[in-house]
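Chain by chain, the residues run as shown.
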Amino acid sequence: MTVRVRIAPSPTGSPHVGTAYIALFNYCFAKSQGGSFIVRIEDTDQERSDPKYEQMIMDALRWTGLSWDEGPDIGGPHGPYRQSERTSIYRQHAETLLAKGHAYHCFCTPDTLQAIRAVRFSQGLSTGYDGRCARLTAEEVLRRLREGEDHIIRMLVPEQGACVIHDPLRGEVTFDYSVIDHQVLLKSDGFPTYHLANVVDDHLMGITHVIRGEEWLPSLPKHLLLYQYFEWDAPVVYHLPLLRNEDKSKLSKRKNPTSILYYRDLGIIPEALLNFLGLMAYSMPGEREVFQLEEMVAGFDIKRMSLSGPVFDLQKLSWVNQQHLAQLTADELMKRLIDWKLNPEYMAQLMPMVAKRMHRLGDFMELCDFVFYSDVKVEAEDMVPKNRDQDGTRDMLQMFVWELEKVIDFHEEAIEQAFKTVAQIENWSLREITQAVRIAVTGKVVAPPLFGVMAVIGSDVCRNRLMHAIQLLAPLGKKKLAKLQEHYEKNRIS
Ligand code: GLU
């Protein structure tokens, strides 16, 4: 059997280090056995998916040095590799399940579903669907379909019994069918849900092993049922431990930068990032800590994975990066610096910032040092405008971070608009906001025009510096944060 594995990122945000982590282990598994590694884009969530995110994810993965044998960019024998281009396939498969009696049309409206949930909750039952549409007669279903009533397609789940799943890393895990919802397979917009598309594609693309994050473990019983219903062999499925913040919570951008682009912009080199991600849940023979991708592939054995929650430790990452930088020859090091920022295209972006501000060429360094440094030095009080206080400045900065998160194309006009939106919500002047943001992002009281500066620094680094500034001003507790977010969302639209 030829091993075939895949990663299946959803293009709903900046390229996440967790995607590179899962990709790395899939790659090592495939390449150590002469198999294929595939990239498939799971973009069936029409509201949250964006082709720009897909582009960013593919670019970031390529930057890490991983390569794939089939994917949306290079094609392959099992394409298309983008789920939004495969909707007719999912519809056909949903029809097959309907014909076999393993799925049914559900006509319940959102209000009805809410009412069902409330009743079940009050009865101490699981808050899933109660299966009422599964009991409609064939005639009634036909009539309602003919009348064009809105509907979705759900899968049937046995009422009793349990599903025992086997994950080679975790052994047997049992899930009672009574807690498994009648999963929606096809939404009213005709698009499939993750579950249907994922199973159908893994089968049609000949995937032999699924290696994915732990968060998908509870989905496996539904997936195994689907394999059973279609009468297909299921792949072997491994669930890798999630990356964690220092406090052991799931790695989140509130507590840690999570974008691959952030680490790239900071000057982490790709082989060091992969090495570091490799250390997360795997031990190399002899407990080696510094290694290249080929070395990891050469002796790769998935049984060496450990399940204890790996902490994404920034100091360790920095140490691993230093080890790799130290191994480079002077020529190679220079090449890395050129690839990173010291190239004409990147430097050209800095020229408008420094032009007319220099007395001597050497002033260049000081004028834009913040573009190259990992962090900037900030004093809390410098950020607080006259007649404003520390808490208010912090709240404004937090809203500004949320606003920047919504900007996919991080260019000057979009950044300017983010300033304007926050100014309107908070009733702050643009001058006040730019004072706080300028210090947070550049560490300087006087700096070149801020929107351009931010565009060059990039969204991930800017947001990280702002988060840092927020911590410095007065950390936001969970409750306060939730309240602030509510206030922000409400006022943003009104
Ligand atoms: N689209 C899912 C994700 O974004 C894929 C999960 C899987 O690998 O099955 O992670």
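Residues numbered from 1 in each chain as written. Predicted model: local features only at pLDDT ≥ 70, side-chain atom pairs only at ≥ 80, totals over all residues. Heavy atoms only, no water.

## So, the overall build of the protein chain
- On a plain count of helices and strands, the protein chain comes out with 21 helices and nine strands.
- Seen through its C-alpha atoms, the protein chain measures out along the principal axes to roughly 85 × 55 × 35 Å.
- Contacts in the protein chain between residues at least 24 apart in sequence constitute 75% of all its contacts with a sequence separation of at least 6.
- Accessible surface for the protein chain amounts to roughly 24200 Å². Of this, 51% is attributable to carbon and sulfur atoms.
- Counting 57 positive and 66 negative side-chain charges, the protein chain places the averaged centre of each group 3 Å from the other. (Helix = DSSP H or I, 4+ residues; strand = E, 2+ residues; numbered from the N terminus. Contact = heavy atoms within 4.5 Å. Areas by Shrake-Rupley, 256 points an atom, 1.4 Å probe, with all protein chains shown as cover. Lys, Arg positive; Asp, Glu negative; His and termini not counted. Charge placed at Lys NZ, Arg CZ, Asp CG, Glu CD.)

## Digging into empty space enclosed by the protein
- Under the criterion given, the structure shown has three cavities of 30 Å³ or more.
- Considering only enclosed or pocket space, the largest cavity measures out at about 60 Å³ in volume.
- In terms of residue count, helix α20 (residues 459-473) provides more of the lining of the largest cavity than any other element does, four residues in total.
- Of the residues that constitute the lining of the largest cavity, the class distribution is four nonpolar, two polar and two charged. (1 Å grid on protein atoms, 1.4 Å probe; cavity = no way out; pocket = protein on both sides within 12 Å on 5 of 7 lines; lining within 4 Å. Points joined across faces, edges and corners; volume = space filled by probe spheres on them. Nonpolar A, V, L, I, M, F, W, Y, C, P; charged D, E, K, R; others polar.)

## Observations regarding the packing of helix α18 (residues 430-442) against helix α19 (residues 450-457)
- Contact geometry for α18 and α19: axes closest at 11 Å, N-to-C directions at 35°. Read as a crossing pair, α18 and α19 show a hand that is left-handed. Contact residues: α18 offers T434, V437, R438, V441 and T442, while α19 offers L450, F451, V453, M454 and I457. (Axes fitted to C-alpha atoms, helices over the stretch in contact; angles between N-to-C directions. Left-handed = near helix turned anticlockwise from the far one by under 90°.)

## With respect to the site of the ligand
- Within the structure, the ligand sits among R6, A8, S10, E42, Y194, N198, R212 and W216.
- The contact in question runs from a nitrogen atom of the ligand to an N or O atom on the side chain of S10, over 3.1 Å.
- Interatomic distance of 3.0 Å between a side-chain N/O atom of R212 and an oxygen atom of the ligand.
- Protein contact buries 82% of the 300 Å² of open area that the ligand shows by itself.
- For the shell around the ligand, the class distribution of residues is three nonpolar, two polar and three charged. (Near = heavy atom within 4 Å. Polar contact = N/O pair within 3.5 Å; in protein donor to acceptor, adjacent residues only side chain to side chain.)

## Re the nonpolar core
- Counting 109 residues, the largest nonpolar core has L277, L397, V437 and M454 as the members making the most contacts within it.
- In terms of residues, this core owes the most to one element, helix α1 (residues 17-32), which gives eleven residues.
- With near-sequence residues (within four places) excluded, L397 lies in contact with M383, A436, V437, L466, A469, I470 and L473.
- By size, the runner-up hydrophobic cluster in this structure holds 33 residues, among which are L97, V200, L225 and V237. (Core = buried A, V, L, I, M, F, W, Y, C linked by side-chain atoms within 4.5 Å. Buried < 20%, exposed > 50% of the residue type's maximum accessible area, 1.4 Å probe, protein only.)

So yeah, pure geometry; function would need other evidence.
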